[in-house]
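Residue strings, one per chain:
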Amino acid sequence: MGVCLSAQIKAESPFNTVFNSKYVSTDGNDLGSTNDKVSANSVPQTPRSEGEILQSSNLKSFTLSELKTATRNFRPDSVLGEGGFGSVFKGWIDENSLTATKPGTGIVIAVKRLNQDGIQGHREWLAEVNYLGQLSHPHLVRLIGFCLEDEHRLLVYEFMPRGSLENHLFRRGSYFQPLSWSLRLKVALDAAKGLAFLHSAEAKVIYRDFKTSNVLLDSKYNAKLSDFGLAKDGPTGDKSHVSTRVMGTYGYAAPEYLATGHLTAKSDVYSFGVVLLEMLSGKRAVDKNRPSGQHNLVEWAKPFMANKRKIFRVLDTRLQGQYSTDDAYKLATLALRCLSIESKFRPNMDQVVTTLEQLQLSNVNGGPRVRRRSADVNRGHQNPSSVNGSRVRRRSADDISRLETPNAYPRPSASPLYT
Ligand SMILES: Nc1ncnc2c1ncn2[C@@H]1O[C@H](COP(=O)(O)OP(=O)(O)OP(=O)(O)O)[C@@H](O)[C@H]1O
Ligand SMILES: [Mg+2]
């Protein structure tokens, strides 16, 4: 998990007395946008009242007792992960009736149980139901239903067997093997498509919490965005931004948003740039355990990324031999553009998708590498496809599809992440 903004900014909201420690707020009015939403959209106008949200959503309303049965009474050994809002449990339901089934039968679900009550937890729970109840896309995680009973608030999602991108990038150990270059490109592209959809005229949503722990992976490494607790309706009409309290995770938030609270789709693009850099480097956005001067990844990496001969200093050493210098430089350049201090110089997510698609194509075809190989030899550069003097075979499309099958990595039976 990222370091909290709350460590940086003083909370002023009267609502913050009952807060989860992750977020910080500078005003108290955040669930619904104050903008009038122009509704020529296929996504229904965002409802405002809780009753409207719960009634209008296409989600199943579960009872607590159903979810207890589905998760074997929230057994500790079925915990899939912990976040700022509580634990996520693995459970089982019948595919058609959506009623709880015996473990191992029916479909697998992930049940998120909010462990704090209070206004903020409820708001974000409701925002999740609001947005994911209306939005449907291959790169957004599917919300199946919710439970609202007394003080209990739960969310029921499709199960994402490979867990979060965060685990794959940063956890060491046999459960989480390092992601290959090809898979990183794929995951980046999938996530970019999810954000591009949110920003599209169809949805007009600003996600506001793009980070590696919110990118979840299915068995084939298809990436989907989860956690819409901070999502906001984008600006409408001739407005350039939405004014909001500053919330998010430290290290991912755009500088102008931190400074002014003005939120635009370009704030998400900045966060995407941070994640892209984390994927390139295998390093967390913020890590106080790194040597001084390197705590903030973006600040440390930027000068190297702008220089083709220096980007190898930023690149994850576990990727050695899997990419061409040209491709790495293009990806670093894309990340740098997303990380532009001035938001107008950042690309929009459609442009990001296009660039990533081109990179994926060139990775599969091997075009740039073939051209670069002779050029690098002429310039006397070390060829990254050659490690310790022995040539590493370039990945073919076949290799990539093999890698993307669920069995590409050992399946740790002890991990509840795996069915
Ligand atoms: N649908 C899901 N399928 C499988 N695992 C999931 C699912 N949703 C969440 N998880 C796991 O549970 C963990 C906790 O998720 P959660 O969204 O509560 O917190 P987080 O994103 O890690 O942190 P934060 O509270 O900062 O958002 C995730 O990192 C992931 O490993
Ligand atoms: Mg999350």
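Worth saying up front: this structure is predicted, and the values here are computed from it rather than measured.

The rules we used
Residues numbered from 1 in each chain as written. Chains lettered and ligands numbered in written order. Predicted model: local features only at pLDDT ≥ 70, side-chain atom pairs only at ≥ 80, totals over all residues. Pairing = 2+ DSSP bridges. Helix = DSSP H or I, 4+ residues; strand = E, 2+ residues; numbered from the N terminus. UniProt positions renumbered as here; feature names shortened; annotations may be inferred. Buried ≥ 20, exposed ≤ 12 C-beta atoms within 10 Å, placed from the backbone. Contact = placed C-beta atoms within 7 Å. Near = placed C-beta within 6 Å. Nonpolar A, V, L, I, M, F, W, Y, C, P; charged D, E, K, R; others polar. Domains from an automatic or database assignment. Axes fitted to C-alpha atoms, helices over the stretch in contact; angles between N-to-C directions. Parallel < 35°, antiparallel > 145°, perpendicular 65-115°, else oblique. Expected span 1.5 Å × (residues − 1). Core = buried A, V, L, I, M, F, W, Y, C linked by C-beta atoms within 7 Å.

## Focus on the sheet that holds strand β7 (residues 152-158)
Piece 1. Pairing in this open sheet of 6 strands is mixed, and the strands run β2-β6-β7-β5-β4-β3 from one edge to the other. Strand pairing shows two members of the sheet lacking a second neighbour, β2 (60-61) and β3 (79-83), which therefore form its edges.
Piece 2. With 5 bridges connecting them, strand β5 (residues 107-114) and β7 associate as antiparallel partners. If you follow Arg 113 over to β7, its bridge partner there is Leu 154.

## Remarks on the UniProt feature "binding site: ATP" (unreviewed entry) in the protein chain
Piece 1. Look at the UniProt record and you will see "binding site: ATP" (unreviewed entry) annotated at Lys 112.
Piece 2. Summarising the element assignment, Lys 112 is placed in strand β5.
Piece 3. In this structure Lys 112 comes out as buried when scored by C-beta crowding, with 24 C-beta atoms within 10 Å.
Piece 4. Residues within four places of Lys 112 in sequence aside, it is in contact with Gly 86, Val 88, Leu 154, Leu 155 and Tyr 157.

## A few points about the site of ligand 1
Piece 1. The environment of ligand 1 is formed by 25 residues, the closest being Gly 81, Gly 83, Gly 84, Ala 110 and Ser 213.
Piece 2. Sorting the residues of the shell around ligand 1 by element identifies β3, β5 and α4 (165-170) as the ones contributing at least two each.
Piece 3. Per-element accounting of the shell around ligand 1 gives the leading share, 4 residues, to β3.
Piece 4. Class assignment of the residues belonging to the shell around ligand 1 gives a composition of 10 nonpolar, 10 polar and 5 charged.
Piece 5. Each of domain 1 (14-158) and domain 2 (163-400) gives at least three residues to the shell around ligand 1.

## Remarks on the packing of helix α7 (residues 265-281) against helix α8 (residues 297-305)
For any two helices packed against each other, one specifies the inter-axial angle together with the distance between the axes.
Piece 1. Orientation of α7 relative to α8, taken along the N-to-C sense of each, is 70°, at an axis distance of 11 Å. The orientation of α7 relative to α8 falls into the category roughly perpendicular. Contact residues: α7 offers Val 274, Leu 277, Glu 278 and Ser 281, while α8 offers Leu 297, Val 298 and Ala 301.
Piece 2. The residue makeup of the contact of α7 with α8, split by class, is 5 nonpolar, 1 polar and 1 charged.

## A closer look at α7
Piece 1. Taking 1.5 Å of rise per residue, 17 residues should cover 24 Å, and α7 covers 25 Å from first to last C-alpha, within 8% of that figure.
Piece 2. The buried fraction of α7 is high, at 17 of 17 residues.
Piece 3. Trailing α7 by a residue or two, Gly 282 shows a phi angle of about 70°, which is positive.

## Considerations on the pairing of strand β6 (residues 143-149)
Piece 1. Of all 7 residues making up β6, 5 are buried, and the element is well covered by its neighbours.
Piece 2. Sheet analysis places β6 next to β7, joined by 6 bridges and oriented antiparallel. Each residue of the ladder has a partner; that of Leu 143, found in β7, is Tyr 157.
Piece 3. With antiparallel pairing between neighbouring strands as the criterion, β6 and β7 make up a hairpin whose turn holds 2 residues, including Asp 150 at a positive phi of roughly 50°.

## Observations concerning helix α5 (residues 181-199)
Piece 1. Compared with an ideal rise of 1.5 Å per residue, which puts 19 residues at 27 Å, α5 spans 27 Å between its outermost C-alpha atoms and is within 8% of the ideal.
Piece 2. Among the 19 residues of α5, 18 are classified as buried, and the element is accordingly described as predominantly covered.

## A short note on the nonpolar core
Piece 1. Formed by 102 residues in total, the largest nonpolar core has its most connected members in Ile 109, Val 187, Ala 192, Leu 276 and Ala 335.
Piece 2. Each of two domains, domain 1 (14-158) and domain 2 (163-400), supplies a minimum of three residues to this core.
Piece 3. Ignoring sequence-local partners within four residues, the contact set of Ala 192 consists of Phe 272, Met 349, Val 352, Val 353 and Leu 356.

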